[in-house]
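Listed below, chain by chain, are the residues.
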Amino acid sequence: MNIDEIDTAIFTLLSKNQKLTSSMLAKKIFHPKDSRELTNLNSMIYYRLHKLMEYHVIKETEKDGKKYYSLNSENIVLGKGFIYVKPRGVKRGKRLYYNKLFIFMDNEICHTIAF
């Protein structure tokens, strides 16, 4: 699974707001100029959300005919943290501290997003 800046923005917004629609996410991430641009961006965000749902890190709930998305707290860990990096051939590694650290597993592979 490749994670880019848009996925990271989705994780960040969902960590701050418990439930958002795909349109709300598109507006907050891209600030579209008009409804046509919002429609295109909403489609892209919707596709991303459903890809992330395949990895069980995003969950979908429906209320009053609208679909809301949130982080699946059973499969994702969010918090402050650090990553220890030790390049090959170097005796001492380096700790990199981050304000936000997302960690989740899929198929026994650990994905880490830090920023």
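Predicted model only: the values in this text are computed from it and were never measured.

Chemist: What's the story with helix α2 (residues 22-30) in this structure? I'm lost.
Modeler: An α-helix turns once every 3.6 residues. As a result, residues three or four positions apart point the same way. Restricting attention to buried positions, one finds in α2 the residues S22, L25 and A26. One face of α2 carries all of its buried residues, which in axial projection span an arc of 100°. Its buried side turned inward, α2 meets α1 (5-16), α3 (35-54) and β2 (66-71). Count one or two residues on from α2 and you reach H31, which has phi positive near 50°.

Chemist: Where do I start with the packing of α1 against α3 in this structure?
Modeler: Each pair of packed helices gets described by two things: the angle between the helix axes and the distance between those axes. With their axes 11 Å apart at the nearest point, α1 and α3 run at an angle of 80° to one another. In terms of orientation, α1 lies roughly perpendicular with respect to α3. In this structure, α1 contributes I6, D7, I10, F11 and L14 to the contact, and α3 contributes M44, I45, R48, L49 and L52. The residue makeup of the contact of α1 with α3, split by class, is 8 nonpolar, no polar and 2 charged.

Chemist: I keep staring at the pattern of salt bridges and nothing clicks. Help me out?
Modeler: Between side chains of opposite charge, a pair can form when the charged atoms approach closely. This model, assessed by the stated rule, comprises 3 salt bridges. Between R48 and D4 there is a salt bridge, and its shortest N-O distance comes to 2.7 Å. One end of the pair, R48, is in helix α3; the other, D4, is in the segment before α1, and 44 residues separate them in sequence. For R48, a relative accessible area of 18% translates into the label buried. In this structure D4 comes out as partly exposed when scored by relative accessible area, which is 28%. D7 is the salt-bridge partner of R48, the closest N and O atoms lying 3.3 Å from each other. Remark: D7 occurs in helix α1 and R48 occurs in helix α3; sequence separation between them is 41 residues. Within this structure, D4, D7 and R48 form a network of salt bridges that share partners.

Chemist: Sorry if this is basic, but what is going on with the packing of α1 against α2 here?
Modeler: Look at α1 against α2: their axes get within 10 Å of each other, and the N-to-C directions meet at 115°. By the criterion of interaxial angle, the relationship of α1 to α2 is roughly perpendicular. The handedness of the crossing between α1 and α2 is right-handed. Where α1 approaches α2, its residues I6, A9, I10, L13 and L14 are matched on the opposing element by L25, K28, I29 and F30.

Rules behind the numbers
Residues numbered from 1 in each chain as written. Predicted model: local features only at pLDDT ≥ 70, side-chain atom pairs only at ≥ 80, totals over all residues. Heavy atoms only, no water. Buried < 20%, exposed > 50% of the residue type's maximum accessible area, 1.4 Å probe, protein only. Helix = DSSP H or I, 4+ residues; strand = E, 2+ residues; numbered from the N terminus. Arc of directions from axis to C-beta. Contact = heavy atoms within 4.5 Å. Axes fitted to C-alpha atoms, helices over the stretch in contact; angles between N-to-C directions. Parallel < 35°, antiparallel > 145°, perpendicular 65-115°, else oblique. Nonpolar A, V, L, I, M, F, W, Y, C, P; charged D, E, K, R; others polar. Salt bridge = Lys/Arg side-chain N within 4 Å of Asp/Glu carboxyl O. Left-handed = near helix turned anticlockwise from the far one by under 90°.

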